[in-house]
Amino acid sequence: MENVRAMNDASLEPWIGNIIDLTLSDGTHRVGLLQKVDDQWAQLNAGRGNRALIDGGKVRISDAVSIVRASRN
């Protein structure tokens, strides 16, 4: 089994302004434009014309386990 380590705000800072695919510890994904990061929360924006994100795009950083650039399809 793979070791999973939670991320922190410094892990996400370089990704601000990019469309990302954020994997959470429960195995779900959040995809959107990363707009804001503070010490506990990240804010994603689905973008115009896309379905609204769960919880308005607010994601607890400690629940995130991986981040990659999302496909723009």
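As shown above, the structure is provided for reference.
The following refers to the structure shown. (Residues numbered from 1 in each chain as written. Predicted model: local features only at pLDDT ≥ 70, side-chain atom pairs only at ≥ 80, totals over all residues. Heavy atoms only, no water.)

**Here we look at the packing of aromatic side chains**
Here is step 1 of the chain: In total, this model carries 0 aromatic pairs according to the counting rule given.
Here is step 2 of the chain: Between the NZ or CZ atom of Lys-58 and the centre of the ring of Trp-41, over which it lies, the distance is 4.8 Å. (Phe/Tyr/Trp six-rings, centres within 6.5 Å; stacked < 30°, edge-to-face > 60°. Lys NZ or Arg CZ within 6 Å of the ring centre and 35° of its normal.)

**Some words on the side chain of Arg-30**
Here is step 1 of the chain: Among the secondary structure elements, Arg-30 is positioned in strand S2 (residues 29-37).
Here is step 2 of the chain: For Arg-30, which is buried and forms no salt bridge, the nearest opposite charge comes from Asp-55, at a distance of 4.9 Å.
Here is step 3 of the chain: There is a polar contact of 3.2 Å between the side chain of Arg-30 and the side chain of Thr-28.
Here is step 4 of the chain: With residues up to four places along the chain from it excluded, the contact list for Arg-30 reads Ile-20, Asp-21, Leu-22, Leu-24, Leu-44, Ile-54 and Val-59. (Helix = DSSP H or I, 4+ residues; strand = E, 2+ residues; numbered from the N terminus. Buried < 20%, exposed > 50% of the residue type's maximum accessible area, 1.4 Å probe, protein only. Lys, Arg positive; Asp, Glu negative; His and termini not counted. Salt bridge = Lys/Arg side-chain N within 4 Å of Asp/Glu carboxyl O. Polar contact = N/O pair within 3.5 Å; in protein donor to acceptor, adjacent residues only side chain to side chain. Contact = heavy atoms within 4.5 Å.)

**Focus: unusual backbone geometry**
Here is step 1 of the chain: One non-glycine residue, Asp-55, lies in positive phi territory at about 60°.
Here is step 2 of the chain: Relative to the assigned elements, Asp-55 resides in the loop between strand S3 (41-45) and strand S4 (58-60).

**Structural notes on the pairing of S3**
Here is step 1 of the chain: Here S3 shows a buried face lined by Ala-42 and Leu-44 and an unburied face lined by Trp-41, Gln-43 and Asn-45.
Here is step 2 of the chain: Note that S2 and S3 share 4 bridges and pair antiparallel. Pairing of Val-37 across the sheet is with Ala-42, part of S3.
Here is step 3 of the chain: Once S2 ends, the chain turns through 3 residues before running back antiparallel as S3.
Here is step 4 of the chain: Where S3 lies against S4, 3 bridges are found, and the strand directions are antiparallel. What sits directly across from Gln-43, in S4, is Lys-58. (Pairing = 2+ DSSP bridges.)

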